[in-house]
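# Close look at the chain arrangement
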Amino acid sequence: MSSSAPDRGQWSSQIGFVLAAAGSAVGLGNIWRFPYSAGQNGGGAFVLVYLLCVVALGLPVMLLEVSLGRATQKNPVGAIRAFRPGGGWPALGYLAIVTGVGILSYYAVVAGQVLAVFIDSTQKIFSGQSHLHTLGPGGILLCFAAFLLLTLLVVVGGVQRGIERWAKLLMPLLLLVMLAIIARGLLLPGAMEGVRWLVTPDFSKITLGVVLDAMAQAFFSLSLGMGAMLTYGSYLSRRQNLVQCASWVVASDTAVAILAGFMIFPAVFALGQQPDAGPNLIFKVLPAVFNGMPGGEVIGALFFFLLSVAALTSTVSLLEVVSAFFIDELGWSRRRTVWSAAAVTFVVGIPAALAWVSVSPWSTVRVLGRTGLFDLMDFLFTNLSLPIGALLLCVFASRVWGLGRASDEVLSSSPRFSSVAAIWRFFVRWVCPLFIAVILLTRFLPVG
Ligand code: PHE
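Fair warning: this is a prediction, and the values are worked out from it, not measured in the lab. For every chain, the first residue of the written sequence is number 1, and numbering continues from 1 onward in sequence order. Local features in a predicted model are, by the rule used here, given only for residues with pLDDT of at least 70; side-chain atom pairs are given and counted only at 80 or more, and totals for whole chains, interfaces and linings are based on all residues. As a rule here, side-chain values cover all heavy atoms of the structure and leave hydrogens and water aside.

Counting its secondary structure elements, the protein chain contains 17 helices and two strands. With the radius of gyration taken over C-alpha atoms, the globule rule is written as 2.2 Å times the number of residues to the power 0.38. What you see for the protein chain is a C-alpha radius of gyration of 21 Å, in line with the 22 Å of a compact globule of 448 residues. Its C-alpha atoms put the protein chain at 60 × 50 × 40 Å along the principal axes. Burial status across the protein chain gives 57% buried among its 448 residues. A fraction of 81% describes how many contacts in the protein chain between residues 6 or more apart in sequence connect residues 24 or more apart. Of the roughly 17,300 Å² of accessible surface on the protein chain, a fraction of 67% belongs to carbon and sulfur atoms. Strands are runs of DSSP state E lasting at least two residues, helices are runs of H or I lasting at least four, and both sets are numbered from the N terminus onward. A simple rule labels every residue: compare its accessible area, found with a 1.4 Å probe on the protein chains alone, to the largest value its type can have, and call it buried under 20%, exposed over 50%, or partly exposed in between. Any two residues having at least one pair of non-hydrogen atoms within 4.5 Å are treated as being in contact. Areas reported here follow the Shrake-Rupley algorithm with a probe of radius 1.4 Å; residue values treat only the protein chains shown as occluding.

Quick look at the structure:
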C-alpha cells in the first residue's frame, strides 16, 4: 500500500517523529484547557476519569491513527480512499479537514492572546509598564493573524526542515521551563492544599457531563480524532516502531498535562485564588499569582513564552493536516496551500476572535446551551467532532481496513506487539466505539 510520492517528506528519525507528534499533542490543551476543565469539574475526580480515558481510548486510537497514516502514506482523505474510494467513507476524511480548520480558527485566537501576554510581560520586566489592557478587538485580531503567520512560516518549511527542526529545539526547552515554574510554585506557603486538591478524587463530582468533558479533553489533548496523528504517521518510514512511537507521544502528553496541574493549582491555592475560573483561568488568575510571588515577573514571562511555544507546535500540526490534503489530493504546492489555508482559517476565526474579547453580539448568543460563539466552536469541534471522528475511525478500521491488516502494519516494525495485538483489536473493535457512542448518546439524547 505504499505509493508515497518521493517528495512528500519524511521524519529523519523516530525521535524526530516523537518530538513533532508530542509537539502537536502538548499545547494549550494541556496547559490552558486541562487545568480549567479540571478546575471546573472537581479537580482529582476529573483527573482520574481523564487518565482512564487516556489509557482506554487514547492509547488504542493513537496507535490506530499512526498506523493508518504509515500504512497509506497519505493525508486523512487519501488514507480512507486508499481502501474505499467511493461511498460515504471519504466523508470521514473531509470531516477531519474541516475540524482542522475549525479548531485552528479558535485555537490560534487563544494562542494569539498568549503571545500578546508574553510580549506584554517582557515589556513589564524592562519598562515596568503593562499595556495589555488596551488589547481590544483590533489587538486580538492582530495577534490572531500574527500567530497564524508564525504557524504558516513553520509549515512552509516542510516536514523535516520546518516542523521537525522546530520541535527538536522547542520541546526540551518547554519541559525545562515548566519544571522551574513548578519548583517555584511548590515553595509558596499553602501550596500543598493545591496538591491535595489535585490528587484527591471526590467521586460525588463524577457526572456524565464530567465523563464527556474528560473524554473530549483526552482526544483534544492527544490530537486525536481529526487526522493530525494520521498525517504525522504518514511521514514515518517502514522501519520505525509504531508501538514505541504511539506510547511515547501518549506518555509525554499525559505527563505534561499532569505537570501543568502541578504548575498551576498549588500557586492558585497558595495565593487564595479560585480554581474554577473557566477558560480565563490562566489569563485572569495566573497574572495575579505571578504578581504575588517574588520574581513573579520573570516567571510570568517564562510561562507565557512556554505556552506560546507549546501552542505553536500544535497549530503547526493543525495546519499540516489541511495542507497535506491539498498537496496530496489536489497537487497544490506547499506554499500556495499553506497561505490559502491560513487565509481561510483567519476569516473563519474572526467571529470567534470577536466573541473571545466579548465585544460583539457573538459573545452572548446562546446556542445548544453554550454562551458565545467561542464556547460553541469549542463545543462543536472538540466535544463533538473529535469523539465522533475517533469513533468512526475505529468502525472504519474494523469494517473496511480490517483489524488483521491493521495489526500487520504495527507488527511489521514492532514484532513484540504480537503478545498484545489481540487486546488492541478488542479495544478498537468494541471498547472504544461503544464507550464513545454511549457517552455521546446518553449525554445528548434525552434518555430516561
Ligand atoms: N493537542 C493540542 C493541544 O493539546 C490541540 C490539537 C488538537 C492539535 C487536535 C491538533 C489536533 O493543545
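In what follows, salt bridge is the name for a side-chain nitrogen of Lys or Arg lying within 4 Å of a carboxyl oxygen of Asp or Glu. Evaluated as defined, the whole model comprises seven salt bridges. In this structure, R8 and D328 form a salt bridge, with 3.1 Å as the shortest nitrogen-oxygen distance. Placement of the pair is R8 in the segment before α1 (14-25) and D328 in helix α13 (residues 296-330), with a sequence separation of 320 residues. Overall, R8 belongs to the buried group, its relative accessible area being 11%. We classify D328 as partly exposed; its relative accessible area is 26%. Linked through salt bridges whose partners overlap, the residues forming this network are R70, R238 and E409.

Turning to the site of the ligand, a few remarks are in order. Close contacts around the ligand come from 14 residues, with A25, G29, Y107, F220 and S223 the closest. For the purposes of these results, a polar contact is taken to be a pair of N or O atoms within 3.5 Å, where, inside protein, one atom must be able to donate a hydrogen and its partner to accept one; residues adjacent in sequence count only when each atom of the pair is a side-chain atom. In the environment of the ligand, an oxygen atom lies 3.3 Å from a nitrogen or oxygen atom belonging to the side chain of N30. One nitrogen or oxygen atom from the side chain of S223 is found 2.9 Å from a nitrogen atom belonging to the ligand. Contact with the protein chains covers 100% of the free accessible surface of the ligand, which is 320 Å². Residue assignment for the shell around the ligand shows that the elements contributing at least two residues are α1, α2 (28-40), α9 (208-221) and α13. Throughout this entry, Asp, Glu, Lys and Arg are counted as charged residues, while Ala, Val, Leu, Ile, Met, Phe, Trp, Tyr, Cys and Pro are counted as nonpolar. The remaining residues, Gly among them, count as polar. Here the residues of the shell around the ligand are counted per class, giving six nonpolar, eight polar and no charged. We call a residue near a given molecule or strand whenever any one of its heavy atoms falls within 4 Å of it.

Per-residue confidence from the predictor is reported as pLDDT, a score between 0 and 100. The share of residues in the protein chain with pLDDT of 70 or more is 96%, and the mean pLDDT across the chain is 90. Across residues 1-6 the pLDDT falls below 50, and counting only partners more than four positions away or on other chains, this stretch makes seven contacts in the model.

Glancing now at unusual backbone geometry. In this structure, Q73 takes a positive phi of about 55° despite not being glycine. On the basis of relative accessible area, Q73 is assigned to the buried category, the value being 7%. A positive phi angle is found at S223, which is not glycine, with a value near 55°. Secondary-structure assignment places S223 in the loop between α9 and α10 (228-233).

The span expected for a helix works out to 1.5 Å for each residue beyond the first. Taking 1.5 Å of rise per residue, 24 residues should cover 34 Å, and helix α17 (residues 421-444) covers 33 Å from first to last C-alpha, within 8% of that figure. Maximal helix bending in α17 amounts to about 45°, located at F427. Every buried residue of α17 is accounted for by A421, W424, V428, C432, P433, I436, I439 and L440. In this analysis the local bend is the angle between axes fitted, respectively, to the seven residues ending at and the seven residues starting at the residue.

We now examine the side chain of T337. Turning to its location among the elements, T337 is positioned in helix α14 (residues 334-356). Residue T337 is classed as buried on the basis of its relative accessible area, which comes to 1%. Discounting residues that sit within four places of it in the chain, T337 has contacts with V322, S323, F326, I327 and W332.

Turning to helix α8 (residues 191-199), its buried residues number three or more, namely A191, G194, V195, W197 and L198. Looking straight down α8, one finds that the buried residues subtend no more than 160° of arc, so they occupy a single side. For α8, the exposed residues set more than 90 degrees away from the buried face come down to R196 and V199. Taken together, the buried residues of α8 touch α2, α3 (44-72), α7 (159-186) and α11 (242-270). Read the arc as the range of directions from the helix axis to the C-beta atoms.

A few words now on the packing of aromatic side chains. Only Phe, Tyr and Trp rings are paired, with Trp represented by its six-membered ring, and only when their centres lie within 6.5 Å; those with planes under 30 degrees apart are stacked, over 60 edge-to-face, the remainder tilted. Under the defined criterion, the tally for this structure stands at 26 aromatic pairs. For the ring pair F83 and W401, a centre distance of 5.8 Å and an interplane angle of 35° mean the geometry is tilted. Linking F83 in helix α4 (residues 76-83) with W401 in helix α15 (residues 373-401), this pair joins segments that are 318 residues apart in sequence. Aromatic side chains Y106 and F374 sit 5.5 Å apart centroid to centroid with 80° between the ring planes, which places their arrangement in the edge-to-face category. Taken together, the positions of Y106 in helix α5 (residues 90-127) and F374 in helix α15 put the pair 268 residues apart, joining distant regions of the chain. By the burial criterion, Y106 is buried, and F374 matches it. One aromatic cluster is present, formed by W32, Y36, Y106, F283, F303, F304, W356 and F374 through successive ring pairs. Should the NZ of a Lys or the CZ of an Arg lie within 6 Å of a ring centre and within 35 degrees of the ring normal, that charge is described as sitting over the ring. Here the basic side chain of R33 rests over the ring of F220, its NZ or CZ set 5.2 Å away from the ring centre.

Within the secondary structure, S385 sits in helix α15. The exposure class assigned to S385 is buried, which follows from its relative accessible area of 9%. Taking the C-alpha atoms as reference, S385 lies 8.5 Å from A96; in sequence the two are 289 residues apart. Those residues in contact with S385, other than ones at most four positions away along the chain, are L95, T99, G225 and L380.

Disulfides are defined as pairs of cysteine sulfur atoms found within 2.5 Å of each other. With the rule as written, the count across this model stands at zero disulfides. Sulfur of C394: no disulfide; nearest cysteine sulfur belongs to C432 and is 4.8 Å away. Judged by its relative accessible area of 0%, C394 falls in the buried class. For C432, a relative accessible area of 0% corresponds to the buried category.

Another aspect to go through is the side chain of T231. Checked against the element boundaries, T231 lands in helix α10. Looking at T231, its side chain comes within polar contact range of the main-chain oxygen of G227, at 2.7 Å. Leave out the neighbours within four places in its chain, and T231 touches P76, E320, V321 and A324.

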